[in-house]
Every structure is written in structure tokens, then in C-alpha cells.
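Structural description and commentary
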Amino acid sequence: MKKSIVILFLILANLFWAGNYIFGKYVVTELSPIQLTFTRWLIAVFLLFPLAQWIEKPDWKSVWKAWKLLLVMGVLGIISYNFFLYWALTYTTSMNAALVNSMNPALIVLFSALLLKEKISSIHALGLIISLFGVLLVLTKGHLLDIFQLNYNKGDLLMILAILVWTFYSIIGKKLKNIPIISATAVSVFLGLFLIAPFAIGSGMNLDLSSKAITGLLYIGIFPSVGSFIFWNISLRHINAGQAGIYLNLIAVFTAILSLILGHAITIIQILGGLLVFLGVFLTSNKKKADPSAVTKNM
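Structure report, in brief.

The rules behind the values
- Every chain's residues receive numbers from 1 upward, in the order its sequence appears when written.
- The model is predicted, so local features are restricted to residues of pLDDT at least 70 and side-chain atom pairs to those at 80 or more, both for listing and for counting; the totals for chains, interfaces and linings are taken over all residues.
- Based on all heavy atoms of the structure, the side-chain values leave hydrogens and waters out of the count.
- Working definition: helices are DSSP H or I runs of at least four residues, strands are E runs of at least two. Numbering for both runs from the N terminus.
- Relative accessibility thresholds used throughout: buried, under 20% of the residue-type maximum; exposed, over 50%; partly exposed, between the two (1.4 Å probe, protein chains only).
- Contact definition: two residues touch when any of their heavy atoms are within 4.5 Å.
- Only the protein chains shown count as cover for residues, and all accessible areas are computed by the Shrake-Rupley method using a 1.4 Å probe.
- Exposure above 30% relative accessible area and the absence of a salt bridge qualify a residue for a patch, where like charges join within 9 Å and nonpolar side chains (Val, Leu, Ile, Met, Phe, Trp, Tyr) within 5 Å.
- What counts as a salt bridge is simple: a side-chain nitrogen of Lys or Arg found within 4 Å of a carboxyl oxygen of Asp or Glu.
- Buried Ala, Val, Leu, Ile, Met, Phe, Trp, Tyr and Cys residues form a nonpolar core when they are joined through side-chain atoms within 4.5 Å.
- Geometry of aromatic contacts follows a simple scheme: Phe, Tyr and Trp rings, the Trp one being its six-membered ring, pair when their centres are within 6.5 Å, and the pair is stacked under 30 degrees between planes, edge-to-face over 60, tilted otherwise.
- A positively charged side chain is recorded as over a ring if its NZ (Lys) or CZ (Arg) lies within 6 Å of the ring centre. The angle to the ring normal must also be within 35 degrees.
- Any pair of nitrogen or oxygen atoms within 3.5 Å is treated as a polar contact; in protein, a donor-acceptor pairing is required on top of that, and neighbouring residues in sequence qualify only through side-chain atoms on both sides.
- Any helix carries an expected span of 1.5 Å times its number of residues minus one.
- One axis fitted to the seven residues ending at a residue, another fitted to the seven starting there: the angle between these axes is the bend at that residue.
- An axis is simply a line fitted to the C-alpha atoms; with a helix, the fit covers only the stretch in contact. Between two such axes, the angle follows the N-to-C directions and lies from 0 to 180 degrees.
- Angles are sorted into four bins: roughly parallel if under 35 degrees, roughly antiparallel if over 145, roughly perpendicular if 65 to 115, and oblique for all others.
- Handedness of a crossing follows from how the near helix is turned relative to the far one, being left-handed for an anticlockwise turn of less than a right angle and right-handed for a clockwise one.
- Residues are grouped as follows: Ala, Val, Leu, Ile, Met, Phe, Trp, Tyr, Cys and Pro are nonpolar; Asp, Glu, Lys and Arg are charged; all remaining types, including Gly, are polar.

A word on the overall build of the chain. Across its full length, the chain holds 13 helices and zero strands. Helices and strands appear in the chain in the N-to-C order α-α-α-α-α-α-α-α-α-α-α-α-α. In the chain, which comprises 299 residues, the share counted as buried stands at 55%. Sequence-distant contacts, at least 24 apart, represent 93% of the contacts inside the chain between residues at least 6 apart. Element-wise, carbon and sulfur atoms account for 73% of the exposed surface of the chain, whose accessible area totals about 13,300 Å².

Structure below.
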């Protein structure tokens, strides 16, 4: 696959995930985190299986042979990450969650080096630092020292748990390189739903939702749940986890852009921060030779 296509897929995946932060904040006021997690993937699973059959025409017996690994992926990426994210959004803002999430690329690079023996080149490290600096510039509105004054509440701590889960999910996903992408995602979602359903239903589902919540649910169930997962999985089969991880910084930039579209002002500092993030992403993706090993992951 062409490098430009891989980069486009990574950008789209993170754009859709940024919307998850925005809409998730709205929907979580009407559904509990576990109910939102369940409903999101219930919508997605009805799209993933037909898409897998139509596009990949997989040997489902071969896919299901990897059920143990797919179950682990379902517990990490389908249940745990999303539950912690939506739980965090009940206590903190979308932007604060994005700020904590900006730590994720560094964690992926670190654990990829420790567990997968992926090399961290100097240009890769520079790109990581520049992009992280850009995210902090966006989120602190140019007052970088404010990062040390933030009062991390329960939501911020829950986001730390979320990104730890996401880091290990990304790394473990390397073992899925021989399974069709959409099919693997569909099965892991199904297994995750099977585990979480009793808890979601037992908590008493709220069916009387506002039009805003329904719109948010449809967005979350289609774009981040199907589009982002597929784009991310495809991309991670062509570049290593450390390189892909830095693109997660785009979530904060896209969150700022979406906030602007929703009527919030955007400043020169935010624009400058966004440019720095894109520069960092460019430097990281400009590595001469990517790791030939493949990776798979879902958010």
C-alpha cells in the first residue's frame, strides 16, 4: 500500500476518534459508561460482519480459530478502553481527556521498544517531542506552565488507565497480522459484546434518549467504531506501532477543530500548535525504512 494512503487512513481514524470525545461527552449525560460502550458496539457489530463478508469474504473458521486472542483484544479495546474513556468523561472535559491522551504516543513508543524491540530513531524521537509540544500548546492556550497546575481529578486518572489499555492493545495486536482486518475486528467486537451485555442490560438501559444523544450514538457507532477501527488496523499492518502512535496526537488538534465548528472560538496559539503536531507527524512518518513487521489495533 502507498505510504500516502496509509497516512490518510491514520488521519481519518484520528479525526473520527476526536468526534468520539465530543459526542461521548454529550451522550454520557444520558447513558452510563457501560451502557454507552455496549450500545456503541451493538450498532457497530451489525455493520462490521456484512462489511467483512462483502469486502474480505473470509474463511470464518480460520478467523474463529484465533478466538482466544480476539477475546483478549475484545476485553482490552472493545470493553476496557471505551469504558474508562466514557467514565472519565463523566468527571472531566473532552479537552482534558485529550490532554491525557496525548501521553499515549510516548507510551506506545516506550513499550514498543521494551516489548517489541522496535528501534527509536533520532528523527522519530524529534517528531514525537515536537508533536507533543504542539498538543500541549493547543490545550494550554500557549501557557505551557499551566500543565503543571492542572488539578487531575478522577476523570484524568481514568484516562491514564484508558491509554495504558490502548497501548497494550496496540502491541498485542501484532499477532493478528494473518487474520483479515475487518473480520478480526467484527469477531473481537462480538466477543466483547457477549461479555459486557449482562452488565449493560442489568444496569437498566435508558431508552428515552434525546435527539442529540441519538445522533451522538449513531456517529459513535459508525465512524469511530467502524471507520476508525478499519483505517487504523489497515495502517498498522504497514508501519510499526511506534510510528503510528504519534498520530494519536491529532486527536487533540481535531478536537479543537470540531469545537470550533460547534461554535467555540479557536486562537492563533491553537493553530500554531496544530501546525507543530502535523510537523511532528511528518518527521515521524518520514522514516526511511519502516519496520517490516505488521501491527493491528482497534479504538
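Now for a nonpolar patch on the surface. Together, Met 103, Leu 110, Leu 114, Leu 115, Leu 157, Ile 160, Leu 161, Leu 164 and Phe 168 line one region of the surface with nonpolar side chains, adding up to about 760 Å² of accessible area. Those elements giving two or more residues to the nonpolar patch turn out to be α6 (104–115) and α8 (154–172). With five residues, the top contributor of residues to the nonpolar patch is α8. Note that Leu 114 resides in helix α6.

Of all hydrophobic cores here, the largest spans 86 residues; its most connected members are Trp 17, Leu 36, Leu 48, Leu 70, Met 159 and Trp 232. Considering every element that reaches this core, the biggest residue donor is helix α4 (residues 67–89), with 12 residues.

With that out of the way, let us pick up unusual backbone geometry. Phi at Lys 57 takes a positive value of approximately 45°, unusual for a residue other than glycine. Its place among the elements puts Lys 57 in the loop between α2 (33–56) and α3 (60–64).

Here we come to the packing of aromatic side chains. Taken as a whole and judged by the stated rule, the model has 14 aromatic pairs. The ring of Tyr 26 carries Lys 212 above its face, with NZ or CZ at 5.1 Å from the centroid.

When you line up the elements, Ser 94 lands in helix α5 (residues 94–101). Here the side chain of Ser 94 touches Tyr 21 through a polar contact of 3.0 Å, landing on its backbone oxygen. If near-sequence neighbours (up to four positions away) are discounted, Ser 94 is found in contact with Tyr 21, Ile 22, Lys 25 and Leu 89.

Here we take up α8. Note on helix geometry: an α-helix contains 3.6 residues per turn, so any two residues three or four positions apart are oriented the same way. In a regular helix each residue adds 1.5 Å, so 19 residues correspond to 27 Å; α8 covers 27 Å between its end C-alpha atoms and thus fits that length. For α8, the complete set of buried residues consists of Gly 155, Asp 156, Leu 158, Met 159, Ala 162, Ile 163, Val 165, Trp 166, Thr 167, Tyr 169, Ser 170 and Ile 171.

Our focus in this paragraph is α2. End to end, α2 covers 32 Å across 24 residues, agreeing with the expected 34 Å (1.5 Å per residue, within 8%). Of all the bends found along α2, the most pronounced is centred on Ala 44 and spans about 30°. Where α2 ends, the next residue or the one after it, Lys 57, has phi of about 45°, a positive value.

Within the element layout of this structure, Ser 80 appears in helix α4. On the accessibility criterion, Ser 80 (17% relative accessible area) is buried. Of the polar contacts made by the side chain of Ser 80, one reaches the backbone oxygen of Val 75; its length is 2.7 Å. The contacts of Ser 80, once residues within four sequence positions are left out, are Val 75 and Val 165.

A few words now on the packing of α2 against α4. The N-to-C vectors of α2 and α4 enclose an angle of 130°; their axes lie 8 Å apart at closest approach. Considered as vectors, α2 and α4 are oriented oblique to each other. Along this stretch, α2 crosses α4, giving a crossing that reads as right-handed. Only Ile 78, Ile 79, Asn 82, Phe 83, Tyr 86 and Trp 87 of α4 make contact with α2, whose side of the interface consists of Pro 33, Ile 34, Leu 36, Thr 37, Arg 40 and Trp 41. Taken together, the residues that form the contact of α2 with α4 break down as nine nonpolar, two polar and one charged.

Any functional reading would require information beyond the geometric quantities listed.
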